[in-house]
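# Examination of the molecular architecture
So the chains spell out like this:
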Amino acid sequence: MAPSIATLNLGFLTILHEPNGYVGGYLVTNGWGRPLEFRLSTAVQPNRVQQILYGGTLQSYICADLIGKTLVDKTTSAAQLIVTDHEPVLDLRLCLQVPVVWLARPDDPLAAAMLSDATCVRSASRGRGPLLCHPRFRDDAPAVRRLLDHLDPSFDLAEPFGRIREAIGEARKMGVTGRN
């Protein structure tokens, strides 16, 4: 049974790649978009040896395993769905029992390559890119659609990412360097 909008919690996870490393922000909201909990990671800067050893899997490892999993694990408000705007975070689904979907940019070539009925939860529309589930978890797509049916149609899944980035900026001004 799908949760009602009153009990549906959504997680929004973004990663910023900055000169001092990768920083993650995780916001859990209720079904109306009101914040329930916010977590901020410390900066993760891979060294040259890690870059060599991890190769093409480095971004996914940092974004999903190190930052994403840590933020989700330390959060007390459980989300029934996690939305990201950063494709390497999709691999977080390999560590969790909760669907993780990527809200891609409309012009993202990787998203275009991933589009299929099985991985696409929602097609691009109104200037928004497609919403895609992890290719190894194609069965998540129908479940995610059912969860999204409980949201107000005007709920903009991209909007919380702006709030997260703004909160990260404010946390920096306040001297908060890490709260994962």
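Right above here is the structure, for reference.
A brief look at the structure comes next. (Residues numbered from 1 in each chain as written. Predicted model: local features only at pLDDT ≥ 70, side-chain atom pairs only at ≥ 80, totals over all residues. Heavy atoms only, no water.)

### Concerning the environment of L132
Tracing the backbone shows L132 in strand β7 (residues 131–133). As a C-alpha pair, L132 and T84 span 48 residues in sequence and 9.9 Å in three-dimensional space. Excluding residues within four positions of it along the chain, L132 makes contact with L90, V100, V101, W102, A111, M114, L115, T119, C120 and V121. (Helix = DSSP H or I, 4+ residues; strand = E, 2+ residues; numbered from the N terminus. Contact = heavy atoms within 4.5 Å.)

### Some details on helix α4 (residues 140–148)
Residues D140, A141, V144, L147 and L148 constitute the buried set of α4. Projection of α4 onto a plane perpendicular to its axis shows the buried side chains occupying an angular sector of 120°, all on one side. In this structure, the buried side of α4 is in contact with β4 (81–84), β5 (100–103), β6 (120–122) and β7. (Buried < 20%, exposed > 50% of the residue type's maximum accessible area, 1.4 Å probe, protein only. Arc of directions from axis to C-beta.)

### So, the pattern of salt bridges
Pairs can form between side chains of opposite charge once their charged atoms are near each other. Counted by the stated rule, this structure contains 10 salt bridges. Among the salt bridges present, the one from R39 reaches E37, with a minimum N-O distance of 3.2 Å. A salt bridge links R105 to D108, with the shortest nitrogen-to-oxygen separation between them at 3.6 Å. By sharing partners, the salt bridges in this structure join R105, D107 and D108 into a single network. (Salt bridge = Lys/Arg side-chain N within 4 Å of Asp/Glu carboxyl O.)

### Considering the layout of surface pockets
Of the pockets and cavities examined, the second largest pocket occupies roughly 200 Å³. Along its surface, the second largest pocket is lined by 15 residues, and D85, L103, A104, R105 and A158 are the ones closest to its centre. Only β5 and α5 (159–173) provide two or more residues apiece to the lining of the second largest pocket. Its residues placed into classes, the lining of the second largest pocket shows 6 nonpolar, 3 polar and 6 charged. (1 Å grid on protein atoms, 1.4 Å probe; cavity = no way out; pocket = protein on both sides within 12 Å on 5 of 7 lines; lining within 4 Å. Points joined across faces, edges and corners; volume = space filled by probe spheres on them. Nonpolar A, V, L, I, M, F, W, Y, C, P; charged D, E, K, R; others polar.)

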